[in-house]
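Observations on chain architecture
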Amino acid sequence: MANKGPSYGMSRQVQDKIDSKYDPELELLLVEWISLQCGAGVGKPEAGKLGFQAWLKDGCVLSELINSLFPGDKPVKKIQSSSMAFKQMEQISQFLSGAEKYGVTKTDMFQTVDLWEGKDLAAVQRTLSALGSLAVTKNEGTYQGDPSWFFKKAQENKRDFSDDQMKAGKSVIGLQMGSNKGASQEGMSYGRPRQIL
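We now turn to the structure provided with this report. (Residues numbered from 1 in each chain as written. Predicted model: local features only at pLDDT ≥ 70, side-chain atom pairs only at ≥ 80, totals over all residues. Heavy atoms only, no water.)

1. Quick word on the packing of helix H3 (residues 49-56) against helix H7 (residues 121-138)
Note the threshold: To obtain each axis, a line is fitted to C-alpha atoms, and for helices this fit is confined to the stretch in contact; angles are then taken between N-to-C directions over 0 to 180 degrees. A run of H or I in DSSP counts as a helix once it spans at least four residues, and a run of E counts as a strand once it spans at least two, with each numbered from the N terminus. When an angle is under 35 degrees it counts as roughly parallel; over 145 it counts as roughly antiparallel; between 65 and 115 it counts as roughly perpendicular; any other value is oblique. Handedness of a crossing is defined here by the sense of rotation of the near helix relative to the far one, left-handed for an anticlockwise turn of less than a right angle and right-handed for a clockwise turn. For this analysis, residues touch if any pair of their heavy atoms sits within 4.5 Å. For this classification, the nonpolar set comprises Ala, Val, Leu, Ile, Met, Phe, Trp, Tyr, Cys and Pro, the charged set comprises Asp, Glu, Lys and Arg, and every other residue, Gly included, is treated as polar.
Direction vectors running N to C along H3 and H7 enclose 60°, while the axes themselves pass 11 Å from each other. Accordingly, the angle class assigned to the pair H3 and H7 is oblique. Remark: the crossing between H3 and H7 carries left-handed chirality. In this structure, H3 contributes Lys49, Phe52, Gln53 and Leu56 to the contact, and H7 contributes Leu121, Val124, Gln125 and Leu128. Grouping the amino acids of the contact of H3 with H7 by side-chain chemistry returns five nonpolar, two polar and one charged.

2. So, H3
For the record, the criterion: Think of it in three bands: with a 1.4 Å probe and only protein chains considered, a residue is buried below 20% of the maximum accessible area for its type, exposed above 50%, and partly exposed in between.
All of the buried residues in H3 are Gly51, Phe52, Gln53, Trp55 and Leu56. If you follow the buried residues of H3, they end up packed against helix H2 (24-38), helix H4 (60-69), helix H6 (112-116) and H7.

3. Some thoughts on the environment of Gln53
For Gln53, the position within the fold is in helix H3. C-alpha separation for the pair Gln53 and Val124, spaced 71 residues apart in sequence, amounts to 9.3 Å.

4. A word on the packing of aromatic side chains
Each aromatic ring pair is summarised here by two numbers: the centre-to-centre distance and the angle between the ring planes. Our working rule: Here the aromatic set is Phe, Tyr and Trp, taking the six-membered ring for Trp, and pairing holds for ring centres within 6.5 Å; pairs whose planes are under 30 degrees apart are stacked, those over 60 apart are edge-to-face, and all others are tilted. Charge-over-ring contacts are defined here by two conditions on Lys NZ or Arg CZ: a distance within 6 Å of the ring centre and an angle within 35 degrees of the ring normal.
For the coordinates displayed, the defined rule picks out two aromatic pairs. With a centroid separation of 6.3 Å and 25° between ring planes, the pair formed by Phe95 and Phe110 is classed as stacked. With a gap of 15 residues between them, Phe95 in helix H5 (residues 85-102) and Phe110 in the loop between H5 and H6 connect regions that are remote in the sequence. Of the two residues examined, Phe95 and Phe110, each falls in the buried class. One cation-aromatic arrangement involves Lys57 over Trp116; the distance from NZ or CZ to the ring centre is 4.4 Å. The ring of Tyr102 carries the charged tip of Lys138 above its face, separated from the ring centre by 3.8 Å.

5. Notes on the pattern of salt bridges
For clarity, the cut-off: Each reported salt bridge corresponds to a side-chain nitrogen of Lys or Arg within 4 Å of a carboxyl oxygen of Asp or Glu.
Scanning the entire structure with this criterion turns up three salt bridges. Lys106 is the salt-bridge partner of Glu100, the closest N and O atoms lying 3.6 Å from each other. Residue class for Glu100 comes out partly exposed when judged on its relative accessible area of 36%. Of the charged contacts, one joins Asp120 and Arg126 as a salt bridge, the two residues approaching to 3.9 Å between their closest N and O atoms. Classification of Arg126 by relative accessible area gives partly exposed; the value is 45%.

6. Side note on the nonpolar core
Rules: The criterion is simple. A nonpolar core is a set of buried Ala, Val, Leu, Ile, Met, Phe, Trp, Tyr and Cys residues joined through side-chain atoms within 4.5 Å.
If you look at the biggest cluster of nonpolar residues, it comprises 39 residues, and the most contacted ones within it are Trp33, Phe52, Leu56, Phe95, Phe110, Leu128 and Leu131. For this core, the secondary-structure elements that each account for two or more residues are H2, H3, H4, H5, H6 and H7. Those residues within four positions of Leu128 in sequence are excluded, and the remaining contacts are Leu30, Trp33, Ile34, Phe52, Leu56, Leu62, Leu65, Phe95 and Phe150.

7. Examining the packing of H2 against H4
Packed helices, taken two at a time, are described by the angle their axes make and the gap between the axes. Taken N-terminus to C-terminus, the directions of H2 and H4 make an angle of 60°; their axes are 9 Å apart at the nearest point. Read as a crossing pair, H2 and H4 show a hand that is left-handed. From H2, Trp33, Ile34, Gln37 and Cys38 reach across to H4, where they touch Val61, Glu64, Leu65, Ser68 and Leu69. Per-class residue counts for the contact of H2 with H4 are six nonpolar, two polar and one charged.

Right, here's the structure in full:
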């Protein structure tokens, strides 16, 4: 990969706006969760955005994380640390495909370059938060950590009504549909009457 120099003008403003979305407090929570989920073998990063990126950049920690959430067959078969860029990016891609299999939506996923080149680490945080929320929601026994760290996603609450209940519901006029009972403009005044000269 070619090194990119500093950005100027509009590019700089856009990058600053993306960088401002990074949450240092969320970073601490995610590091704590990943360390608990994967065990002491993954270690902990240096504090700060660059330390967080360097910790996750080779894809090994992410692969360990996604494998720990699957109770049976693991999505990432081979976790191997490498100094070669394409191998690291491939490892990140395997994590992303495993996260998609787990149920993380495409809109919550980051792009490989967001992490590898440090373009949008806030997107990486969003993906990891979505993964944590999904793990808490599924409650399969594989989640390690405090369930209050992530939001529990809403789940389907399907209802089955009998034909009698459906017929009874058709005769009720809901208040949203409107009613003109007792509706009049009597006694309403808005300011002074119009003066015609």
